[in-house]
Amino acid sequence: MEFLSVLLSSLLFIGSPTGVALDQIAANAIRARVDGVEDLEVRVDNGSAVQLLQGKVDRLRIGARGVSLVPGFRIAIADLETDTIDLDIGALQQGQVVLDRPFQGAVHLVLTAEDLNTFLQSRAFTDQLSNIRINLDNAAQSREASRYRLENPQVTFLGDNRLRVEIDLFDQVLEESLPIEAETGLSVENGHRLILVEPQVVVDGEAAPEQLLETFTESLDDQLSLRQFESQGITARVLSLALEPDGLDLALWARIDPSFTERLTD
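Every residue gets a number counted from 1 within its own chain, in the order that chain's sequence is written. Side-chain atom pairs in this predicted model are given and counted only at pLDDT of 80 or more, local residue features only at pLDDT of at least 70, and totals for whole chains, interfaces and linings cover all residues. With hydrogens and water stripped out, all remaining heavy atoms of the structure feed into the side-chain values.

**Student:** Please clarify how the overall build of the protein should be interpreted in this entry.
**Tutor:** Counting secondary structure elements, the protein contains 8 helices and 13 strands. Long-range pairs, those at least 24 residues apart, make up 49% of the contacts in the protein between residues at least 6 apart in sequence. Note on conventions: DSSP H or I runs of at least 4 residues are helices, E runs of at least 2 residues are strands, and numbering of each starts at the N terminus. Contact criterion: two residues are considered in contact whenever any of their non-hydrogen atoms come within 4.5 Å of each other.

What follows is the structure in structure tokens.
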């Protein structure tokens, strides 16, 4: 929503732009806040210049292709369509984004396995991965937690809503790698909970015990639900999810309550 704040703030100084000019202002604001985008189309619908000067937009539609929100992480398709956006004009003039009414819209994202793996192998991600501390022995001293590190992550989309994740657990003392392979299906329950379907984990060629898998998936139940964000004023639902060999296709609907943006400014 930051680019919308920039857009509407600009209108206070440039007067009443035409529809084409307004679309271009919005596109420029987006380009300035992403690492890169190959193709971008923006449509801002507004009833009048007065509405804009009050911090209101009837509808915003964005179609982006090949967009990188952060360096190295490319999203093949990113589409957004919103309902009416109504921002607090007083807060907007001070550079803050505060909603006068709930913000809601739908997002469509397509991510290819090639783009995802390029990011997983990037320096930015591998640096974060190397900072994960792994302790395989509860009785070990704290220095043992830095003995192991994760390397060479790779994701394969298998189709039929299944994926495979491969990664190596490297022992820095023995200088040996332990290959780990996890495969699972994905489904969505009630629009908000992600379910792991028939998960399988193989460590160094040996299948992980079923009881261990059940304990792991049960511990993820609450973390894989979008309802965990509702206490913060964000309601989100998955409209569709498809995993095929050529990529992941995801559609989401989200609603942000004014209380969420108010907390951000406190």
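**Student:** Would you take a moment to explain the nonpolar core for this structure?
**Tutor:** For soluble globular proteins, the rule of thumb is that nonpolar side chains tend to be buried together. Here, the term nonpolar core denotes a set of buried Ala, Val, Leu, Ile, Met, Phe, Trp, Tyr and Cys residues that are joined through side-chain atoms within 4.5 Å. Exposure categories follow from relative accessible area, calculated using a 1.4 Å probe and restricted to protein chains: below 20% of the type maximum is buried, above 50% is exposed, and the middle band is partly exposed. Counting 25 residues, the largest nonpolar core has Leu 40, Val 42, Val 44 and Val 67 as its most contacted members. When residues of this core are traced back to their parent elements, those giving at least two are α2 (19–31), β1 (36–45), β3 (59–70) and β4 (73–82). If sequence neighbours within four positions are ignored, Val 44 has contacts with Leu 22, Asp 23, Ala 26, Val 57, Arg 59 and Leu 60.

**Student:** Just to check I follow, could you spell out the environment of Gln 54 for this structure?
**Tutor:** Within the secondary structure, Gln 54 is located in the loop between α3 (49–53) and β2 (56–57). Overall, Gln 54 belongs to the partly exposed group, its relative accessible area being 38%. Taking the C-alpha atoms as reference points, Gln 54 and Asp 88, 34 residues apart in sequence, are found 7.9 Å from one another. When residues no more than four places from it in sequence are discounted, the contact partners of Gln 54 are Asp 86, Leu 87 and Ile 89.

**Student:** Help me out: how do you make sense of the pattern of salt bridges in this one?
**Tutor:** Side-chain pairs of opposite charge can arise whenever the charged atoms involved come near each other. What makes a salt bridge here is a side-chain nitrogen of Lys or Arg within 4 Å of a carboxyl oxygen of Asp or Glu, nothing more. All told, the structure shown has 16 salt bridges when counted by the stated rule. Note that Arg 164 is salt-bridged to Glu 181, the shortest N-O span being 3.7 Å. Of this pair, Arg 164 sits in strand β8 (residues 162–171) while Glu 181 sits in strand β9 (residues 176–189), placing them 17 residues apart in sequence. Note on Arg 164: relative accessible area 22%, which makes it partly exposed. Via salt bridges that share partners, Arg 43, Asp 45, Arg 59, Arg 61 and Glu 81 belong to a single interconnected network.

**Student:** Would you take a moment to explain the pairing of strand β12 (residues 234–244) for this structure?
**Tutor:** Remark: a regular strand shows side chains that alternate across the two faces of the sheet. Each pair of strands is called paired provided DSSP finds at least two bridges between the two strands. Here 10 bridges tie β12 to strand β13 (residues 247–256), and the two strands are oriented antiparallel to one another. Residue pairing across strands places Leu 241 opposite Leu 250, the latter belonging to β13. Linkage of β12 to β13, two consecutive antiparallel strands, is achieved through a turn of 2 residues.

**Student:** Where do I start with the pairing of β13 in this structure?
**Tutor:** Two strands pair when backbone bridges link them, and strand β6 (residues 103–111) and β13 are joined in this way by 9 bridges, in the antiparallel orientation. If you follow Ala 106 over to β13, its bridge partner there is Trp 253.

**Student:** For this particular structure, what's the right way to read helix α5 (residues 113–120)?
**Tutor:** Think of an α-helix as turning once every 3.6 residues; residues three or four places apart then point the same way. By the criterion of burial, α5 is predominantly enclosed, with 6 of the 8 residues buried. Residues Ala 113, Asp 115, Leu 116, Asn 117, Phe 119 and Leu 120 constitute the buried set of α5. Those residues of α5 hidden inside the fold are in contact with β4, β6, α6 (123–130) and β7 (148–159).

**Student:** What should I look at first to understand the environment of Ser 122 in this one?
**Tutor:** One can find Ser 122 in the loop between α5 and α6. Sequence separation of Ser 122 and Gly 72 is 50 residues, and the distance between their C-alpha atoms is 6.8 Å.

**Student:** How should the packing of aromatic side chains be read in this particular structure?
**Tutor:** Aromatic rings in a pair are described by how distant their centres are and how their planes are angled relative to each other. Two rings belonging to Phe, Tyr or Trp (six-membered ring only in the last case) form a pair when the distance between their centres is within 6.5 Å. Interplanar angles under 30 degrees mark stacking, angles over 60 mark edge-to-face geometry, and anything in between is tilted. The final tally for this structure, using the stated rule, is 2 aromatic pairs. When the ring of Phe 73 is compared with that of Phe 119, the centres are 4.9 Å apart and the planes differ by 40°; the resulting orientation is tilted. Of the two residues, Phe 73 sits in strand β4 while Phe 119 sits in helix α5, which places them 46 residues apart along the sequence. Given a relative accessible area of 22%, Phe 73 falls into the partly exposed group. Among the aromatic residues, ring-to-ring pairing joins Phe 73, Phe 119 and Phe 125 into one connected group.

**Student:** Would you mind showing me how to read the side chain of Asn 117 here?
**Tutor:** Note on placement: Asn 117 falls in helix α5. Every residue in contact with Asn 117, bar those within four places of it in the chain, is listed here: Pro 153, Gln 154 and Val 155.

**Student:** When you look at the sheet that holds β8 in this model, what are you seeing that I'm missing?
**Tutor:** Whenever strands of a sheet pair, they do so through backbone hydrogen bonds, lying parallel or antiparallel. Spatially, β7-β8-β9-β10-β11 is the arrangement adopted by the 5 strands of the open sheet, whose pairing is antiparallel. In the strand order of this sheet, the two ends are held by β7 and β11 (206–207), each with one partner. Note: β7 against β8, 9 bridges, orientation antiparallel. Across the sheet, residue Tyr 148 finds its bridge partner in β8, namely Asp 171.

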